[in-house]
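Coordinate inspection notes
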2 protein chains.
Amino acid sequence: MAADRFIIERDFLIIETTVKKIIVGFAKPLSCHNCRMNNFCLPLGLDADDLDKLEELIERKKPLQPREGVFFSGDPFTSIYAVRSGSIKSFCIDPDGREQVTGFYFPGEIFGWDGLADEHYQNTAIALETTSVCEIPYEQLDDLGNSIPSIQKHMMRLISREINADQRLIALLAGNSAQQKIASLLLSISDRLVKQKLSSTRLWLPMSRGEISNYLGLTVETVSRVLGHFQRKKYLAVNKKEIEILDKQALRDLMLSAEEVE
Amino acid sequence: MAADRFIIERDFLIIETTVKKIIVGFAKPLSCHNCRMNNFCLPLGLDADDLDKLEELIERKKPLQPREGVFFSGDPFTSIYAVRSGSIKSFCIDPDGREQVTGFYFPGEIFGWDGLADEHYQNTAIALETTSVCEIPYEQLDDLGNSIPSIQKHMMRLISREINADQRLIALLAGNSAQQKIASLLLSISDRLVKQKLSSTRLWLPMSRGEISNYLGLTVETVSRVLGHFQRKKYLAVNKKEIEILDKQALRDLMLSAEEVE
DNA sequence: AAATCCAACTGATGTAAATCAACTCAAGGT
DNA sequence: ACCTTGAGTTGATTTACATCAGTTGGATTT
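Residues numbered from 1 in each chain as written. Chains lettered and ligands numbered in written order. Predicted model: local features only at pLDDT ≥ 70, side-chain atom pairs only at ≥ 80, totals over all residues. Heavy atoms only, no water.

**Here's the deal with the protein's contact with DNA strand C**
Surrounding DNA strand C, one finds 14 residues, the nearest of these being Arg209 and Arg225 of chain A together with Ala178, Thr222 and Arg225 of chain B. When atoms of DNA strand C within 4 Å of the protein are sorted by moiety, sugar and phosphate together comprise 63%. Broken down by secondary-structure element, the contributors of at least two residues to the surface near DNA strand C are helix 6 (220-232) of chain A together with helix 6 (220-232) of chain B. Class assignment for the residues of the surface near DNA strand C results in 2 nonpolar, 6 polar and 6 charged. (Near = heavy atom within 4 Å. Helix = DSSP H or I, 4+ residues; strand = E, 2+ residues; numbered from the N terminus. Nonpolar A, V, L, I, M, F, W, Y, C, P; charged D, E, K, R; others polar.)

So, in structure tokens, the structure goes:
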């Protein structure tokens, strides 16, 4: 008990007790200027002046605990969000009550656009791990867009990115085998980790096997078996949620053709 | 040969010869005000003044022949399009060269947003039948949006609709059986025909079985068999591309639960 | 340290849909 | 009137993945 102390990890201010760590806030004042992600997040392509104005409306919330929700299906649409650190899963509930994962979001990626059309979020978004997000109130963003055309244009481009991502997923789901789906997801996550200046080959999956299988339209057993198969073929080294990509080219090749013989 | 004459069908001016009809243009000056679709197309929610300004930039192109392209994957992004009559299929080419249908668009629906993010269309869009579209040059639309906030807001809402549609398709592809996928598509098309003030039960599919199967991640044979099955169960009457929905509730029930026994 | 829990993995079996292979039929061309 | 072509359907067979049924191992509780 006497051992409790404050420490700093990443951007977080943390109380470390003998048994666990509790994130209590940010270690330093946050701004897009000093954000690791500013090269491809919301600020991308904005000049310093516009960025300053945009900054004023961004609210940095206190970090989310794992499984904590950002917004829920049916909530009135108020804001879009950027992942600052950690990861987010977004999912909707089918008419028959089943959950369907529609996306995973990593640092620098924007989520929440789905609520714009009818002013209520269609999806629920929850943190997969300890996660911090930047909230951008839409009404204010919209006002800013009306006075600064470059921000407006930028915003449209960001929404369109979501369309592109969704359509890539559609193509993946409609026309690929279990192996191709999983290879594709791993390569996609790997690419996105590079943007965080992390290793492209050693990755840590924040989501469970169940969440992966749901996202890809498979079962947990199949995901498990395919990962096992990739490991046996020395494409991967798998240790629970830790994955090392040993042969990225083999995974890429898998996307292009039917699998070579065993 | 002497029998050639001009006739008018729908909005089209047509030369009728003894053997075939050729569409040569529009029968009357076109405007959103007199468009059958104005209740839920681009104009939705705009007041008369704003609509007038929007109208000025809309180009009504001469009707497209079946299979004719509107834009092609890789083309520079210039415009978005609204279907005025007929239907459009949009598709992309996978890394491995396969075609993947990403959407079907019916009158009043907008397509082309996918090109916004990187200023080149990701998809190719072609007419499934004789089709007329309204072209809205994006640069001008954007300028108009900058001076008229309501148009801006409206535009964002339209893009978000595309996201919602794509995510519904993701959920359909990831978690449903062949029967559920096909039931869902038919119900969706039926709903959209109602907006054209057409029958919700007698419908004509402008796309081939191959295009349906590709869109839903199935094979032509499966589509054919499921339609046959639905016909035997008296859910549908199928005659090539003509479908009559006999038991809409049965199709809806299919979406909610595993199928009842044969 | 034993008991509980749950995510992940593995094996045996079942099945929905893919694949392979005809066959039908309407449309167009010669 | 005959031949070709391609979309659609139907049947037989195969297969990839789901389902069912344990087992394992790490984390949490008692």
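**Overview of the interface of chain B and chain A**
The partner chain A presents 44 residues to the 44 residues of chain B that form the contact. Carbon and sulfur atoms supply 59% of the area that chain B and chain A bury against each other, a total of about 3,800 Å² over both sides. Taken as a group, Met156, Gln167 and Ile170 of chain B account for 17% of the area that chain B buries against chain A, more than any other trio of residues on that side. Put simply, chain B and chain A have 2 salt bridges between them. Here Arg157 of chain B and Glu119 of chain A are joined by a salt bridge, their closest N and O atoms 3.8 Å apart. The interface formed by chain B and chain A holds 10 residue pairs in polar contact (both at pLDDT 80 or more) in total. No other element matches helix 3 (residues 149-175) of chain B, which puts 20 residues into the side of chain B that touches chain A. (Contact = heavy atoms within 4.5 Å. Buried area = accessible area lost by both parts, 1.4 Å probe. Salt bridge = Lys/Arg side-chain N within 4 Å of Asp/Glu carboxyl O. Polar contact = N/O pair within 3.5 Å; in protein donor to acceptor, adjacent residues only side chain to side chain.)

**Digging into the pairing of strand 14 (residues 242-245) of chain A**
The side chains of a regular strand alternate between both faces of the sheet. Residues and elements named next belong to chain A. Taking every second residue as pointing to the same face, the buried face of strand 14 carries Ile243 and Ile245, while none of Glu242 and Glu244 on the other face is buried. As defined by bridge partners, strand 12 (residues 202-204) adjoins strand 14 across 3 bridges and the pair is classed as antiparallel. The residue bridging Trp204 from the neighbouring strand is Glu242, located in strand 14. Relative to strand 14, strand 13 (residues 236-239) runs antiparallel, the two sharing 4 bridges. Counted as the bridge partner of Val238 is Ile243 from strand 14. Remark: 2 residues form the turn of the hairpin made by strand 13 and strand 14, two consecutive strands paired antiparallel; Lys240 in that turn has positive phi of roughly 55°. (Buried < 20%, exposed > 50% of the residue type's maximum accessible area, 1.4 Å probe, protein only. Pairing = 2+ DSSP bridges.)

**A word on the relation of the copies chain B and chain A**
The transform that puts chain B on chain A rotates by 180° and translates by 0.0 Å along the axis, for an RMSD of 0.0 Å. Seen this way, the second copy is the image of the first under a two-fold rotation axis. Interface residue correspondence from chain B to chain A reaches 100%, placing this contact among same-surface, isologous pairings. (Least-squares fit on C-alpha atoms with pLDDT ≥ 70 in both.)

**Considerations on the pattern of salt bridges**
Residues and elements named next belong to chain A. With the rule as written, the count across this model stands at 20 salt bridges over all chains. Glu135 is the salt-bridge partner of Lys61, the closest N and O atoms lying 3.0 Å from each other. Pair noted here: Lys61 is in the loop between strand 4 (59-60) and strand 5 (69-71) and Glu135 is in strand 11 (residues 132-137), with a separation of 74 residues, a long-range link. Residue Glu135 is classed as buried on the basis of its relative accessible area of 9%. Via salt bridges that share partners, Arg67, Lys89, Glu99 and Glu211 belong to a single interconnected network.

**Quick word on the protein's contact with DNA strand D**
Taken together, 15 residues lie around DNA strand D, and Ala178, Thr222 and Arg225 of chain A together with Arg209 and Arg225 of chain B are the ones closest in. The sugar-phosphate share of atoms of DNA strand D within 4 Å of the protein amounts to 62%. Arg209 of chain B is positioned with one of its side-chain polar atoms (N or O) 2.8 Å from a phosphate oxygen of DNA strand D. Taken together, the elements giving at least two residues each to the surface near DNA strand D come down to helix 6 of chain A together with helix 5 (209-216) and helix 6 of chain B. Grouping the amino acids of the surface near DNA strand D by side-chain chemistry returns 2 nonpolar, 7 polar and 6 charged.

**A closer look at the packing of aromatic side chains**
All names here are of chain B. Under the counting rule described, the total for this entry stands at 18 aromatic pairs over all chains. With a centroid separation of 3.8 Å and 10° between ring planes, the pair formed by Phe71 and Tyr121 is classed as stacked. Residue Phe71 is located in strand 5 (residues 69-71), and its partner Tyr121 is located in the loop between strand 9 (110-111) and strand 10 (124-127); the two are separated by 50 residues in the primary sequence. Here the aromatic rings of Phe104 and Tyr215 are separated by 4.8 Å at their centres, their planes lie at 50°, and the arrangement is tilted. Residue Phe104 is found in strand 8 (residues 99-105), and its partner Tyr215 is found in helix 5; the two are separated by 111 residues along the sequence. The exposure classification of Phe104 matches that of Tyr215, with both residues buried. (Phe/Tyr/Trp six-rings, centres within 6.5 Å; stacked < 30°, edge-to-face > 60°.)

**A short note on helix 4 (residues 178-195) of chain A**
Residues and elements named next belong to chain A. With 18 residues, helix 4 ought to run about 26 Å at 1.5 Å a step, and its terminal C-alpha atoms sit 26 Å apart, in line with that. Burial runs high along helix 4: 13 of the 18 residues are buried. Where helix 4 terminates, the next one or two residues include Lys197, which has phi positive at roughly 60°. (Expected span 1.5 Å × (residues − 1).)

**Here's the deal with the packing of helix 3 (residues 149-175) of chain A against helix 3 of chain B**
The geometry of helix 3 of chain A relative to helix 3 of chain B is characterised by a closest axis approach of 9 Å and an angle of 15° between their N-to-C directions. As far as their axial angle goes, helix 3 of chain B and helix 3 of chain A are roughly parallel. Along this stretch, helix 3 of chain A crosses helix 3 of chain B, giving a crossing that reads as left-handed. Mapping the contact onto sequence places Gln152, Met155, Met156, Ile159, Glu162, Ile163, Asp166, Gln167, Leu169, Ile170, Leu173 and Ala174 of chain A in helix 3 of chain A and Gln152, Met155, Met156, Ile159, Glu162, Ile163, Asp166, Gln167, Leu169, Ile170, Leu173 and Ala174 of chain B in helix 3 of chain B. (Axes fitted to C-alpha atoms, helices over the stretch in contact; angles between N-to-C directions. Parallel < 35°, antiparallel > 145°, perpendicular 65-115°, else oblique. Left-handed = near helix turned anticlockwise from the far one by under 90°.)

**Structural notes on the environment of Gln152 of chain B**
Within the element layout of this structure, Gln152 of chain B appears in helix 3. A residue is classified by how much of its surface remains accessible, and Gln152 of chain B, at 0% relative accessible area, is buried. Sequence-wise, Gln152 of chain B and Phe104 of chain B are 48 residues apart; in three dimensions their C-alpha atoms are separated by 25 Å. Those residues in contact with Gln152 of chain B, other than ones at most four positions away along the chain, are Asp142, Asn146, Gln152 and Met156 of chain A together with Asp142, Gly145 and Asn146 of chain B.

**Structural notes on the sheet that holds strand 13 of chain A**
Sheets are built from strands that pair by backbone hydrogen bonding, the pairs being arranged parallel or antiparallel. Residues and elements named next belong to chain A. As summarised here, the arrangement of the 3 strands in space is 12-14-13, forming an open sheet in which the pairing is antiparallel. Each edge of the sheet is formed by a strand with only one pairing partner; in this case those strands are strand 12 and strand 13. Pairwise comparison of adjacent strand axes, ignoring direction, gives a mean angle of 15° for this sheet. Where helix 6 meets the sheet, it contacts strand 13 and strand 14, and its direction lies at approximately 130° from that of strand 13.

By themselves, these observations are geometric and do not establish any function.
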